[in-house]
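Structural overview
Each chain, written out:
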Amino acid sequence: MFFVDDTGEASVKRCPSCQREFTDSYKFCDQDGTTLVVVLPELRARLTIHFADGSSREVMLPDKPLVIGKAPECDIVIPDGAISRRHAEIEIRAGKVFITGLTQKPS
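Since the model is a prediction, treat every value here as computed from it, not as a measurement. (Residues numbered from 1 in each chain as written. Predicted model: local features only at pLDDT ≥ 70, side-chain atom pairs only at ≥ 80, totals over all residues. Heavy atoms only, no water.)

**Section: the pattern of salt bridges**
Pairs may arise between side chains of opposite charge once their charged atoms sit close together. Test applied: The salt bridge criterion pairs a side-chain nitrogen of Lys or Arg with a carboxyl oxygen of Asp or Glu, the two atoms within 4 Å. Per the convention used, a helix needs a DSSP run of H or I reaching at least four residues, while a strand needs a run of E reaching at least two, with both numbered from the N terminus. Throughout, exposure labels follow a simple rule: accessible area from a 1.4 Å probe, protein chains only, divided by the maximum for the residue type, with under 20% read as buried, over 50% as exposed, and the rest as partly exposed.
This structure, assessed with the given rule, holds 6 salt bridges. Here Asp 63 makes a salt bridge to Arg 14, at a shortest N to O gap of 3.2 Å. Taken together, the positions of Asp 63 in the loop between strand E5 (56–60) and strand E6 (66–69) and Arg 14 in strand E1 (residues 13–14) put the pair 49 residues apart, joining distant regions of the chain. Assessed through its relative accessible area of 12%, Arg 14 is described here as buried.

Next up, the structure:
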């Protein structure tokens, strides 16, 4: 899950051991106690989601795959009838972004 600060920028730190990501408020990995390092936002791919009401949301993409859908366990939750519970997966491989559809119709 990603968190956006007051400036609209995502504050992300990563554990160099397990690669889990944390908000800026964490200093150590809650799994192994390793000191977290800041992920530089300007070097990250971003996804911008535009909603029907005109609002938008920007998410920085991590190095691990993200699942988009309307189910609460998804990494990016979009509560829309046209979106499936597990709609798509976004993954960065070799510096390129890949989007894979996970279902054929909304559920």
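Right, picking up where we left off after that structure.
**Concerning the sheet that holds E1**
Note: strands within a sheet are paired through backbone hydrogen bonds, in either parallel or antiparallel orientation. The line we're drawing: Two strands pair under a simple rule: DSSP has to find at least two bridges between them.
Strands sit in the order E2-E1-E3 across an open sheet of 3 strands; the sheet is antiparallel. Unpaired on one side and paired on the other, strand E2 (21–22) and strand E3 (37–38) mark the two borders of the sheet. When E1 meets E2, the two strands line up antiparallel, connected through 2 bridges. Looking across to E2, one finds that Arg 14 is bridged to Glu 21.

**A closer look at the state of the cysteines**
To be explicit about the condition: We call a pair of cysteine sulfur atoms a disulfide whenever their separation is within 2.5 Å.
This model, assessed by the stated rule, comprises 0 disulfides. Free cysteine Cys 15: the closest other cysteine sulfur is in Cys 18, separated by 3.6 Å. Its sulfur unpaired, Cys 29 is 3.7 Å from the next cysteine sulfur, which belongs to Cys 18.

**Quick notes on the sheet that holds strand E7 (residues 76–77)**
One open sheet holds the 4 strands; their spatial order is E7-E6-E8-E9, and the pairing between them is mixed. Every interior strand has two partners, whereas the edge strands, E7 and strand E9 (96–101), have only one.

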